[in-house]
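If you want the building blocks of each chain, they are given just below.
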Amino acid sequence: MPLVIPEVNDGDKNEWLTKLAGKTITEGTSDVTSFAKKDLPKSHRIVKPGDMMTMDYRPERLNVHLDDKGTVHDVNFG
């Protein structure tokens, strides 16, 4: 049986994936091809290919997965 957490659901993942997919994460401002890191939720982490991650589960934390070119290809909470 899957773990169900009311505050975090697939709708939230899909919303963030729609906002971020195909964009780069920048320190500056958001535009058509980039998304400002300051506009991400307070609890987030950027995951690049080959990065090591802690295994602690935080349901409110947004994990932003980048590809080799630095563009967002997936997101998840945890």
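Residues numbered from 1 in each chain as written. Predicted model: local features only at pLDDT ≥ 70, side-chain atom pairs only at ≥ 80, totals over all residues. Heavy atoms only, no water.

## Let's talk about the overall build of the chain
Then, in step 1: When its secondary structure is counted, the chain shows one helix and five strands.
Then, in step 2: Reading the helices (α) and strands (β) of the chain from amino to carboxyl end gives α-β-β-β-β-β.
Then, in step 3: In the chain, once contacts between residues fewer than 6 apart in sequence are set aside, the share between residues at least 24 apart is 29%. (Helix = DSSP H or I, 4+ residues; strand = E, 2+ residues; numbered from the N terminus. Contact = heavy atoms within 4.5 Å.)

## Re the confidence of the model for the chain
Then, in step 1: Taken over all residues, the pLDDT of the chain has a mean of 88, while the share at 70 or more is 86%.
Then, in step 2: Low confidence marks residues 1-6, where pLDDT is under 50. Its contacts with residues over four positions away, or in another chain, come to three contacts. (pLDDT = per-residue confidence, 0-100.)

## With respect to the sheet that holds strand 5 (residues 72-77)
Then, in step 1: The three strands are arranged 3-4-5 in an open sheet whose pairing can be described as mixed. At either end of the open sheet lies a strand with only one pairing partner, and these are strand 3 (44-47) and strand 5. Recorded for the sheet is a direction-independent mean angle of 20° between the axes of neighbouring strands.
Then, in step 2: Across five bridges, strand 4 (residues 62-66) lies against strand 5 in antiparallel orientation. If you follow Leu62 over to strand 5, its bridge partner there is Phe77. (Pairing = 2+ DSSP bridges. Axes fitted to C-alpha atoms, helices over the stretch in contact; angles between N-to-C directions.)

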